[in-house]
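Commentary on secondary and tertiary structure
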Amino acid sequence: IRDQIEAIRKTLEPQSVNRAESRDEDVLGLAREADRLTVVLMSIRQGRLLDTRMYHRHDVVEEDAEILAAFLSQYYEQNPIPDRILLPFPLAGMENLEEGLKQKALRAVSLEVPERGTRRALAQLAGKNAENALHLARREEERNRELLAGIQKDLALRNFPAVMECLDISNLSGTHAVGSTVVFQDGKPSKKDYRKFRIRLRTAEGRTNEESWTRSA
């Protein structure tokens with residue numbers, strides 16, 4: 001618990017960023033343990049930190065520079081492109097990536113690997129945040145696996161409960177039945193797999209020959 005509190009405190013440190021320079025910039029940090037990887041992106045606008053986002057990937061086999069280049073291409077397809085992007089190290093195809101960002105933004109965009117000064121300190125801070133985020137994510141997964149192992153033991157399950165689906169049915173005095181399903185994967189909610197159903201039941205007079213399950217929007 002002490003280590004988690006300290007990691008959270010360090011992660012919140014960038015909130016104090018307040019630079020005299022008014023350019024918009026994103027600062028990226030990356031941390032990796034074997035095939036696990038975390039990218040942190042700090043968005044600084046008009047000298048103030050507005051947002052810090054963390055992204056995790058498992059089963060990574062590519063090199064760090066290749067992964068980060070692919071991440072930038074995908075991220076800036078959906079998000080605003082700042083004047084400057086600070087990187088922890090040179091990327092694969094860095095010049096082509098920079099030119100592509102310029103064409104999308106319709107203005108000058110620079111990719112930089114800072115070596116000194118305030119920008120270097122920001123890049124190092126993003127890297128520390130990535131390390132803390134990766135550590136916390138790993139600790140959470142380890143805790144989830146311990147909890148799931150306990151469930152497997154307590155319920156005498158043959159297989160490890162990596163995926164759990166929980167169903168419930170509700171009705172109003174025996175009519176207007178609806179059902180819902182929630183899904184957990186590795187101890188975490190998988191909301192994209194949640195479902196709700198309207199259920200047509202067989203009546204006492206037998207007017208419906210079979211139950212019909214229709215997924216509702």
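Look a little higher up for the structure.
Residues numbered from 1 in each chain as written. Predicted model: local features only at pLDDT ≥ 70, side-chain atom pairs only at ≥ 80, totals over all residues. Heavy atoms only, no water.

Turning next to the overall build of the protein chain. When you go through the protein chain residue by residue, the secondary structure sums to four helices and 10 strands. Each helix and strand of the protein chain, placed in order from N terminus to C terminus, yields the pattern α-β-β-β-α-β-α-β-α-β-β-β-β-β. The buried share of the protein chain, taken over its 217 residues, is 32%. Residue pairs at least 24 apart in sequence account for 50% of intrachain contacts in the protein chain once pairs closer than 6 positions are excluded. (Helix = DSSP H or I, 4+ residues; strand = E, 2+ residues; numbered from the N terminus. Buried < 20%, exposed > 50% of the residue type's maximum accessible area, 1.4 Å probe, protein only. Contact = heavy atoms within 4.5 Å.)

Take the pattern of salt bridges next. Side-chain pairs of opposite charge can arise whenever the charged atoms involved come near each other. Going through the model one piece at a time under the given rule, you end up with 13 salt bridges. E77 serves as the salt-bridge partner of K104, at 2.5 Å between the closest nitrogen and oxygen. One end of the pair, K104, is in helix 3 (residues 94-105); the other, E77, is in helix 2 (residues 64-78), with 27 residues separating them in the sequence. The closest approach of N and O atoms between E142 and R138, which form a salt bridge, is 3.2 Å. Note that E142 and R138 are positioned in helix 4 (residues 117-154) at a spacing of four residues, about one turn of the helix. Taking relative accessible area as the criterion, E142 reaches 36% and is therefore assigned partly exposed. (Salt bridge = Lys/Arg side-chain N within 4 Å of Asp/Glu carboxyl O.)

Let's shift gears to the environment of R23. Relative to the assigned elements, R23 resides in the loop between helix 1 (2-12) and strand 1 (25-33). Contact partners of R23, with chain neighbours within four places excluded, come to I44, Q46, G47, D83, R84 and S110.

Looking now at the pairing of strand 7 (residues 175-185). Of the pairings in the sheet, the one linking strand 6 (residues 163-172) to strand 7 comprises nine bridges and is antiparallel in character. Note on strand 7: the bridge partner recorded for M164 is F184. Once strand 6 ends, the chain turns through two residues before running back antiparallel as strand 7, passing S173 with a positive phi of about 50°. Bridge analysis of strand 7 against strand 9 (residues 195-200) gives four bridges, and the strand direction is antiparallel. Each residue of the ladder has a partner; that of S180, found in strand 9, is K196. Here strand 7 hands over to strand 8 (residues 188-189) after two residues, with D186 in that stretch at a positive phi of 55°. (Pairing = 2+ DSSP bridges.)

The next subject is the sheet that holds strand 1. Sheets are built from strands that pair by backbone hydrogen bonding, the pairs being arranged parallel or antiparallel. With mixed pairing, five strands are arranged side by side in an open sheet as 3-2-1-4-5. Of all the strands in the sheet, the pair left with one neighbour each is strand 3 (48-57) and strand 5 (110-112). Each neighbouring strand pair of the sheet contributes to a mean axis angle of 20°, computed without reference to strand direction. Where strand 1 meets strand 4 (residues 84-86), three bridges bridge the pair, whose relative direction is parallel. By the bridge assignment, D26 is partnered in strand 4 with I85. Sitting on the sheet, helix 4 is in contact with strand 1, strand 2 (36-45), strand 3, strand 4 and strand 5, with an inclination near 45° to strand 1. (Axes fitted to C-alpha atoms, helices over the stretch in contact; angles between N-to-C directions.)

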